[in-house]
Amino acid sequence: GNSGMIVSFGEMLIDFVPTVSGVSLAEAPGFLNAPGGAPANVAIAITRLGGKSAFIGKLGDDEFGHMLAGILKKNGVIADGIMFDQGARTALAFVTLRADGEREFMFYRNPSADMLLKPDELNLQLIKSAKVFHYGSISLIVEPCRSAHMKAMQVAKDAGALLSYDPNLRLPLWPSPKEAREQIRSIWDKADLIKVSDVELEFLTGSDKIDDASAMSLWHPNLKLLLVTLGENGCKYYTKNFRGQVEGFRVNAVDTTGAGDSFVGALLCKIVDNQNLMEDEAKLREVLKYANACGAITTTKKGAIPALPCDSEVQALLKG
Ligand code: ADP
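Residues numbered from 1 in each chain as written. Predicted model: local features only at pLDDT ≥ 70, side-chain atom pairs only at ≥ 80, totals over all residues.

Enquirer: Explain the overall build of the chain to me, using residue names and the numbers behind them.
Expert: In terms of helices and strands, the chain carries ten helices and 13 strands. Since a compact globule built from 320 residues should have a radius of gyration of about 20 Å, the 18 Å found for the chain is in line with a globular shape. Along the first, second and third principal axes, the C-alpha set of the chain runs to 50 × 45 × 40 Å. A burial count over the chain gives 47% of its 320 residues as buried. A separation threshold of at least 6 residues defines the contact pool for the chain, and within that pool the share at least 24 residues apart is 72%. (Helix = DSSP H or I, 4+ residues; strand = E, 2+ residues; numbered from the N terminus. Rg over C-alpha atoms; globule rule 2.2 N^0.38 Å. Buried ≥ 20, exposed ≤ 12 C-beta atoms within 10 Å, placed from the backbone. Contact = placed C-beta atoms within 7 Å.)

Enquirer: Can you explain helix H1 (residues 38–48)? Please cite residues and give values.
Expert: Counting buried positions along H1 yields eleven of eleven residues, so the element is predominantly enclosed. Regarding H1, the residues found buried are Ala38, Pro39, Ala40, Asn41, Val42, Ala43, Ile44, Ala45, Ile46, Thr47 and Arg48. The inward-facing, buried residues of H1 abut strand S1 (5–9), strand S3 (31–36), strand S4 (52–60), helix H2 (63–74), strand S8 (132–135) and helix H8 (259–271). Looking at the residues trailing H1, positive phi occurs at Gly50, about 100 degrees.

Enquirer: Describe the site of the ligand, naming the residues involved and giving the relevant values.
Expert: Near the ligand there are 19 residues, and of these Thr229, Gly260, Asn292, Gly295 and Ala296 occur at the shortest range. The residue makeup of the shell around the ligand, split by class, is eight nonpolar, ten polar and one charged. (Near = placed C-beta within 6 Å. Nonpolar A, V, L, I, M, F, W, Y, C, P; charged D, E, K, R; others polar.)

Enquirer: Can you explain the packing of H1 against H8? Please cite residues and give values.
Expert: Two elements in contact, H1 and H8, have axes whose closest approach is 8 Å; the angle formed by their N-to-C orientations is 50 degrees. In terms of axis orientation, H1 runs oblique to H8. Seen from above, H1 lies across H8 with right-handed handedness. Contacts from Ala38, Asn41, Val42, Ala45 and Ile46 of H1 reach H8 at Asp261, Ser262, Val264, Gly265, Ala266, Leu268 and Cys269. (Axes fitted to C-alpha atoms, helices over the stretch in contact; angles between N-to-C directions. Parallel < 35°, antiparallel > 145°, perpendicular 65-115°, else oblique. Left-handed = near helix turned anticlockwise from the far one by under 90°.)

Enquirer: Can you lay out the pairing of S8 for me, pointing to particular residues and giving the numbers?
Expert: In S8, alternate side chains face the same way, and those of Val132 and His134 on one face and Phe133 and Tyr135 on the other are all buried. Here S1 pairs with S8 via four bridges, running parallel. Opposite Ser8, over in S8, you have His134 as the bridge partner. Taken together, the four bridges between S8 and strand S9 (residues 162–165) define a ladder with parallel strand orientation. Paired with His134 across the two strands is Ser164, which belongs to S9. Once the chain exits S8 it traverses helix H4 (residues 145–158) before rejoining the sheet at S9, and the crossover so formed is right-handed. (Pairing = 2+ DSSP bridges. Right-handed = clockwise from strand over helix to strand, strands pointing away.)

Enquirer: Hey, could you go over the nonpolar core for me, with residue numbers and the actual values?
Expert: If you look at the biggest cluster of nonpolar residues, it comprises 94 residues, and the most contacted ones within it are Val7, Ala130, Val132, Phe133, Ala266 and Leu268. Beyond its immediate chain neighbours, meaning those up to four positions away, Ala266 contacts Ala45, Leu49, Tyr290, Ala291 and Cys294. (Core = buried A, V, L, I, M, F, W, Y, C linked by C-beta atoms within 7 Å.)

Enquirer: Help me get a handle on the sheet that holds S8, residues and values and all.
Expert: Overall, mixed pairing links the nine strands, which are arranged S5-S4-S1-S8-S9-S10-S11-S12-S13 in an open sheet. Since the sheet does not close on itself, it has two edges, and those belong to strand S5 (78–85) and strand S13 (243–246), each with one partner. Geometrically, the sheet is characterised by an average inter-axis angle of 15 degrees between neighbouring strands, direction not taken into account. Running at roughly 180 degrees to S4, H2 makes contact with S4 and S5 of the sheet. Sitting on the sheet, H4 touches S1, S8 and S9, and the angle it makes with S8 is about 165 degrees.

Enquirer: I'd like a description of the sheet that holds strand S7 (residues 103–108), backed by residues and values.
Expert: Sheet strands pair by backbone hydrogen bonding; their relative direction is either parallel or antiparallel. As summarised here, the arrangement of the four strands in space is S3-S2-S6-S7, forming an open sheet in which the pairing is mixed. Strand pairing shows two members of the sheet lacking a second neighbour, S3 and S7, which therefore form its edges. Taking the axes of each pair of neighbouring strands and ignoring which way they run, one obtains an average angle of 25 degrees across the sheet. With three bridges connecting them, strand S2 (residues 13–18) and strand S6 (residues 92–97) associate as parallel partners. For Asp15, the partnering residue across the bridge sits in S6 and is Ala93.

Enquirer: Please give an account of the pairing of S4 that cites residues and values.
Expert: Judged by how many residues are buried, S4 sits mostly within the fold: nine of nine residues are covered. In the sheet, S1 pairs with S4 via five bridges, with the strands oriented parallel. Note that in S4 the partner of Ile6 across the bridge is Ser53. Taken together, the six bridges between S4 and S5 define a ladder with parallel strand orientation.

Function cannot be inferred from these measures alone, as they are strictly geometric.
Here it is, written out as structure tokens:
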């Protein structure tokens, strides 16, 4: 359709996951590659639902970087904002969910290309074309990438875009929990729309209570919509005028990777052509139901990108 442009800014990388489940990284007999990176997942979630999206980020000028750029293009994501660093290589992550329920990570980021994106390398024309500008990179805390984010946010905002932020907390990557909180809080008030998971809410507030009071402690005066995702229980929403919860869908979840990104992509798809959504609770609830359905479907298949649904799959789940 003729929908508005959503620009998603951040990293794309490759997750290597063990070929068998429940093992530590050291025990893995082999690995499968699963392209990901939350902002890239969001960009693809949008095109799969029929929306218009562009990805801005830096990859290594290596085999992995070109493979990832190819995946974005194949999925219809506008690739004019992709840069290739001539020195550093594409970020890689080794990730496993061990039998004891703990996630184990190992990252190649010393530094990877995504961390080296400079403010003067940004495709400003593309950023200015955004009706919605979404960010949530795990590299947002490191320079020069941090300055590039600040500039991109400002350019997008000045051009009239709605700013959407997902902190995508990956604690092993942060120097300390205290620094993570400070860094996230320091950019918090730039966003119009913020999505956190229940786990991130606990971390950011430092309290193990997931209630309205703890969510509202994250509120800032410029915020239009705060969302807290609750896994299979759907999500809570907070606006200036109303708050509530939209129940999730019961599905046979096999891998929750990408559920949050799918949820965000769906929401942005609907909000881009209806930026007054936050003022109409009935309409907002309808959109969040759609986003919950997208998140739910994403958990029914392995991996993030292969599991992102198209609109007809979502409609089928909504009809029951
Ligand atoms: P994140 O992936 O950021 O941790 P969540 O796990 O809360 O976020 O998932 C995002 C959304 O995906 C939820 O709000 C919900 O709509 C959907 N979802 C996630 N897990 C499940 C599940 N097990 N069953 C049904 N829906 C789910």
